[in-house]
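# Fold and contact review
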Amino acid sequence: MNKKNTIPVIDSCSIDLNNKTTIHIDDLKEYIIKHEDMVFPHKHNFFHFVLFTKGSGEHIIDFNHYNIEPYQIYFMVPGQVHTWNFTGDEEGYVVNFSIDYFQSFLLRTDYLERFSFLQGKIERLIFVIPEQFRNQSITILEQILAAKTAGLSEDYIRTLLLQFILYISISTERDHQEHSTPYNHKIFNSFQQLVEQQFKSTKLPSVYADQLFITPNHLNAICKSYIGQSAGEIIRNRIVLEAKRLLVNRNLNISEIADELQFNDNSYFTKFFKKSAGLTPEEFRKQL
């Protein structure tokens with residue numbers, strides 16, 4: 001691995017998606033057996049989601065720990081770091097699909113951005129499917145699995161996957177949308193997109209507020225109404241998350257990570273990280 005690579009992509013976890021295969025669906029138990037040696041922090045270069053119908057243990061996404069329960073589903077976007085600690089009784093489904101899986105299929109290439117659980121938002125990526133939606137969710141996944149096994153049309157499989165995504169959005173996002181206005185929703189999403197693009201170079205909330213043509217106080221109010229955090233906290237949390245992801249790569253030293261995140265002072269980066277994470281970068285790395 002090139003030392004200057006930022007976060008390692010584990011190729012052996014990506015072999016299901018190649019030039020000939022842009023979607024992979026599998027029985028979860030079989031998938032775990034195939035990748036039983038992947039119990040260390042790694043990331044994917046594709047979208048990934050798992051629906052547990054049974055199981056115990058935990059899985060860790062971007063260093064947050066989640067206990068497994070029946071009909072829990074989690075979504076991951078490319079670049080998120082995860083690992084798992086399963087106990088061996090897991091059942092369910094796993095689906096991987098490439099970043100451009102829908103690009104030649106949908107008129108709007110950014111269509112998936114409308115679904116918060118496909119944007120890597122930590123507060124929206126994991127939830128339990130309500131009981132009234134469970135049977136139909138399983139039915140659609142079974143149809144995808146059968147279609148993939150039978151080698152049916154890729155467009156048919158895409159249609160089924162999109163149907164599943166839409167169905168999940170109905171079951172999970174309705175309450176969230178009822179408590180927001182379209183304007184605030186657009187501002188909040190735009191802010192998160194700007195942070196994702198600029199967090200290394202732009203660390204002040206006022207700069208983002210200027211780009212959104214609102215005041216910093218207004219931006220803070222919108223952010224707190226959505227996830228209970230100020231704009232500054234969201235920016236800092238994103239920087240710390242990236243630092244944690246970079247610390248997975250032990251070929252990068254702390255100075256190189258600080259430089260990657262555009263901190264001019266290595267000691268300031270260490271203080272910044274410890275204030276948010278409660279540990280120094282070195283201490284955090286030892287825990288991985």
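Scroll up for the structure.
Keep in mind the model is a prediction, meaning the values are calculated, not measured.

With that settled, consider the sheet that holds strand 4 (residues 57-61). Reading across the sheet, the four strands line up as 2-7-4-5 and stay open at both edges, with antiparallel pairing between neighbours. A strand with exactly one partner marks an edge of an open sheet, and here the two such strands are strand 2 (42-43) and strand 5 (64-67).

This next bit is on the pattern of salt bridges. The final tally for this structure, using the stated rule, is eight salt bridges. Between Asp26 and Lys34 there is a salt bridge; the shortest N-O distance is 2.7 Å. A single network of salt bridges, built from pairs that share partners, joins Asp62, Glu196, Arg238, Glu242 and Arg245.

Further remarks concern the packing of aromatic side chains. The relative placement of two aromatic rings is captured by the distance of their centres and the angle of their planes. In this structure the tally under the stated criterion is 25 aromatic pairs. Measuring from ring centre to ring centre gives 5.1 Å for Phe47 and Phe97, while their planes differ by 15°; the resulting arrangement is stacked. Of this pair, Phe47 sits in strand 3 (residues 47-54) while Phe97 sits in strand 8 (residues 91-97), and the two are 50 residues apart along the sequence. Phe47 sits in the buried class, given a relative accessible area of 9%. According to the relative accessible area criterion, Phe97 is buried, its value standing at 1%. Each member of the aromatic cluster is reached from another via a ring pair, and the members are Phe49, Phe75, Tyr111, Phe115, Phe117, Phe127 and Phe164. Residue placement shows Lys203 over the ring face of Phe263; its charged tip is 5.0 Å from the ring centre. The positively charged end of Arg238 is found above the aromatic ring belonging to Phe199, 4.2 Å away from the centroid.

Turning our attention to helix 5 (residues 205-212). Those residues of helix 5 lying buried are Tyr208, Ala209 and Leu212. Down the axis of helix 5, the sector holding all buried residues measures 100°, keeping them to one side. Its buried side turned inward, helix 5 meets helix 4 (182-198), helix 6 (216-227) and helix 7 (231-247). Immediately downstream of helix 5, the backbone of Phe213 shows phi near 60°, a positive value.

Turning to the side chain of Glu242, a few remarks are in order. Within the fold, Glu242 resides in helix 7. Classification of Glu242 by relative accessible area gives buried; the value is 9%. At 2.9 Å, the side chain of Glu242 forms a polar contact with the side chain of Arg238.

What counts and how
Residues numbered from 1 in each chain as written. Predicted model: local features only at pLDDT ≥ 70, side-chain atom pairs only at ≥ 80, totals over all residues. Heavy atoms only, no water. Pairing = 2+ DSSP bridges. Helix = DSSP H or I, 4+ residues; strand = E, 2+ residues; numbered from the N terminus. Salt bridge = Lys/Arg side-chain N within 4 Å of Asp/Glu carboxyl O. Phe/Tyr/Trp six-rings, centres within 6.5 Å; stacked < 30°, edge-to-face > 60°. Buried < 20%, exposed > 50% of the residue type's maximum accessible area, 1.4 Å probe, protein only. Lys NZ or Arg CZ within 6 Å of the ring centre and 35° of its normal. Arc of directions from axis to C-beta. Contact = heavy atoms within 4.5 Å. Polar contact = N/O pair within 3.5 Å; in protein donor to acceptor, adjacent residues only side chain to side chain.

The quantities given are spatial measurements derived from coordinates; they are silent on function.
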